[in-house]
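This is what each chain is made of:
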Amino acid sequence: MGSLGRDTEGQTARPEQKIPEKKTPELARARGGLARYVAAAALARTADGGAVVAIVLMVTTSGAPGWLAGLLGATITAPHLLGPFVARSLDSCRDGRVLIAGACVVHGATLAAAVLLYPVAWPVTGFLLVASGLAGPLLTGGISSRLPAIAGPDRTSQRRAQGWDVATYGIGGTIGPSVVAAVSAWAGATAAALILAGATLVAAAVVRLLPYAPPAAGPADIPGPVRTLRIMAVTGRLRRTLYLTVTVAFSVAALPIAAVASTALFQVQPAAAGVLTAAYGLGGLAGSAAVMVRPLRGDADRLVTRFAGLVAAALAVAALSASFMPAVAAYAAAGLMNSYFFAATLAARSEFAPPQVRGQVFVWVGALKIAAGSAGTAAAGVAITGEPQLPLFLVSALILAAAGASVLDRNYQPD
């Protein structure tokens, strides 16, 4: 399977083979395609990032018990784990734009129907939210799988575009919940959810305007999800990308828990935990902007390991912080390094995934990342037990161990 990685890497032009700077029609179309991509991805991921917050707020403000809010919130997030089993069509369908646009329509329509039916039939709401959640992976990893065909043939253009992609995830995770909070205070959580649903419908229209990219192979030549996971497991560079992504996602999920628990240690108000998490988010946006301005250079496989180590270092500094302001700086540094790490993983997926399974690779990594983040939050809650910084020490050590394992893995199987 190592040859698959080499063949795919060979399809990506070397850094010196750049598009001429003159304004050719092809270059103009590429730039227009990237602008439409960013608009579509930001709209879709804002809706995906805010939907669970809107559902939980809608249920709690209606006076329903907390268990119901948690249950309905889980019905829209848990189906993301099934993404790899619906992603094969990304690689096999004649026009991936139609599939992703359809997923946006399904996500928006079922979300709108779910919130409108909640007052009269909440079990129906649950089934509709499952359908909405099943479309979610195509709004995240599915859209990202379109980027290599849009960004241009040279590696610098690809990696600059990946910076934009990281930014759309940051926007979705930040703006989505913020929009929900603002609209809910003004017009209620149901109205907020309907606005998010409308955003996905607009995203569907923009996705249809993306440049066309033909399928890499015929349907008979596209492996299924289990075989794709096996390809990832035996291809060294994809395997390292996968387990480092899962480890880092598990680890940074401890930050919000540690932020809330550490306010007493720093002798600040509990609400100051919001400052720490906001610093992490702003650091992430700064990191994505930095990648746009100065794209990553070097081998993506090694970059993934390097930035995983830097994320671990930032988490260790956060764990060692004895006062509030150094902790704010450490949280911002963790967000910054995590954006660089994320951009490196996008580069690795784009450059090393065999073309006939690229869509599935993107969705597999995204699904396992979501699962790892959920597990990390739960584990941090268990580990907190009176020592607020303990989870950060533990996850920092965990990332360093995984990064060290990736170095040994690379020496044993370079590709």
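Only a predicted model underlies this, so the values are computations on that prediction, with no experimental measurement involved.

What counts and what doesn't
Residues numbered from 1 in each chain as written. Predicted model: local features only at pLDDT ≥ 70, side-chain atom pairs only at ≥ 80, totals over all residues. Heavy atoms only, no water. Helix = DSSP H or I, 4+ residues; strand = E, 2+ residues; numbered from the N terminus. Rg over C-alpha atoms; globule rule 2.2 N^0.38 Å. Buried < 20%, exposed > 50% of the residue type's maximum accessible area, 1.4 Å probe, protein only. Contact = heavy atoms within 4.5 Å. Areas by Shrake-Rupley, 256 points an atom, 1.4 Å probe, with all protein chains shown as cover. Phe/Tyr/Trp six-rings, centres within 6.5 Å; stacked < 30°, edge-to-face > 60°. Lys NZ or Arg CZ within 6 Å of the ring centre and 35° of its normal. Axes fitted to C-alpha atoms, helices over the stretch in contact; angles between N-to-C directions. Parallel < 35°, antiparallel > 145°, perpendicular 65-115°, else oblique. Left-handed = near helix turned anticlockwise from the far one by under 90°. Nonpolar A, V, L, I, M, F, W, Y, C, P; charged D, E, K, R; others polar. Core = buried A, V, L, I, M, F, W, Y, C linked by side-chain atoms within 4.5 Å. Salt bridge = Lys/Arg side-chain N within 4 Å of Asp/Glu carboxyl O. Expected span 1.5 Å × (residues − 1). Arc of directions from axis to C-beta.

Undergrad: How would you sum up the overall build of the protein chain? Please name residues and give values.
TA: Secondary structure summary: the protein chain contains 18 helices and zero strands in total. The C-alpha atoms of the protein chain give 21 Å as radius of gyration, which agrees with the globular expectation for 415 residues (22 Å, within 12%). Seen through its principal axes, the protein chain has C-alpha atoms that stretch 55 × 50 × 40 Å. When each of the 415 residues of the protein chain is scored for burial, the buried share is 52%. Relative to all contacts within the protein chain whose residues are 6 or more apart in sequence, the contacts with residues 24 or more apart total 84%. Per element, the accessible surface of the protein chain, about 17,000 Å² overall, is 69% carbon and sulfur.

Undergrad: Give a description of the packing of aromatic side chains that names residues and reports values.
TA: Per the counting criterion, the structure on display carries five aromatic pairs. Pairing F85 with W364 gives two aromatic rings, centres 5.9 Å apart and planes at 65°, and the pair type is edge-to-face. Placement of F85 in the loop between α3 (66–77) and α4 (88–92) and of W364 in helix α17 (residues 358–383) is noted, with a sequence separation of 279 residues between them. Owing to a relative accessible area of 8%, W364 belongs among the buried residues under this scheme. Here F307 and Y340 contribute two aromatic rings whose centre-to-centre distance is 5.2 Å and whose plane-to-plane angle is 25°, an arrangement assigned as stacked. Of the two residues, F307 sits in helix α15 (residues 300–320) while Y340 sits in helix α16 (residues 324–352), which places them 33 residues apart along the sequence. For the pair formed by F307 and Y340, the shared burial category is buried. Just above the ring of Y169 sits the side chain of R45; from NZ or CZ to the centre is 3.9 Å. Positioned above the aromatic ring of F342, the side-chain terminus of K369 is 3.8 Å from the ring centre.

Undergrad: Help me get a handle on the packing of helix α5 (residues 96–117) against helix α10 (residues 189–207), residues and values and all.
TA: At their nearest, the axes of α5 and α10 sit 8 Å apart, and the two run at 165° to each other. In this view, α5 runs roughly antiparallel relative to α10, as classed from their interaxial angle. Our pair here, α5 against α10, has a crossing hand that is left-handed. On the side of α5, the interface is formed by R97, I100, A101, C104, V105, H107, G108, L111, A112, V115 and L116, while α10 contributes T190, A193, L194, L196, A197, T200, L201, A203, A204 and V207. Considering only residue class, the contact of α5 with α10 consists of 16 nonpolar, four polar and one charged.

Undergrad: Can you explain the nonpolar core? Please cite residues and give values.
TA: By size, the foremost hydrophobic cluster in this structure holds 56 residues, and its most contacted members are L276, L296, V311, L315, Y331, F341 and L392. Ranked by the residues each element gives to this core, the list is headed by α16, at 16 residues. Residues contacting L315, with those up to four places away along its chain left out, are S251, L255, A334, L392, V395, S396 and I399. If you look at the next biggest cluster of nonpolar residues, it comprises 26 residues, including A44, L147, I150 and A203.

Undergrad: Describe in detail the side chain of S339, supporting the description with residues and values.
TA: Positionally, S339 belongs in helix α16. By relative accessible area, S339 is classed as buried at 8%. With residues near it in sequence (within four places) discarded, S339 still touches V166, G284, L285, G287 and S288.

Undergrad: Give me the side chain of S262: which residues, what numbers.
TA: Counting through the fold element by element, S262 comes out in helix α13 (residues 254–266). The class for S262 is buried, based on a relative accessible area of 1%.

Undergrad: Which residues make up the environment of V120, and what values do they have?
TA: Note on placement: V120 falls in the loop between α5 and α6 (122–139). The class for V120 is exposed, based on a relative accessible area of 69%. Linking V120 and A101, residues 19 residues apart in sequence, is a C-alpha distance of 30 Å.

Undergrad: Account for the pattern of salt bridges, with residues named and values stated.
TA: Under the defined criterion, the tally for this structure stands at seven salt bridges. The salt bridge partner of D165 is R45, with a shortest N-O separation of 2.6 Å. Taken as a pair, D165 in helix α9 (residues 155–187) and R45 in helix α2 (residues 25–61) lie far apart in primary sequence, 120 residues in all. Judged on exposure class, the residue D165 and its partner R45 are both buried. As a salt-bridge pair, D409 and R239 come within 2.7 Å of each other at their nearest N and O atoms. With D409 in helix α18 (residues 390–412) and R239 in helix α12 (residues 236–252), this pair connects stretches of sequence that are 170 residues apart.

Undergrad: Outline α3, listing residues and values.
TA: For α3, built from 12 residues, the straight-helix expectation of 16 Å at 1.5 Å per residue is met to within 8% by its first-to-last C-alpha distance of 17 Å. Buried within α3 are the following residues: L68, A69, L72, G73, T75 and I76. Buried residues of α3, viewed axially, fall in a sector of 155°; they line one side. The exposed residues of α3 that point more than 90 degrees off its buried face are G66 and W67.

Undergrad: So what's going on with α10? Which residues, and what values?
TA: Taking 1.5 Å of rise per residue, 19 residues should cover 27 Å, and α10 covers 27 Å from first to last C-alpha, within 8% of that figure. For α10, every residue scored as buried is listed here: A189, A192, A193, L196, A197, A199, T200, A203, A204, V206 and V207.

Undergrad: Before we move on, can you summarise the environment of V52 with the specific residues and values?
TA: By the element assignment, V52 lies in helix α2. Given the relative accessible area of 24%, V52 is considered partly exposed. As for V52 and T77, which are separated by 25 residues in sequence, their C-alpha atoms are 7.2 Å apart. Beyond its immediate stretch of four places on either side in the chain, V52 contacts G73, I76 and T77.

Purely spatial values, then, with no claim about function.
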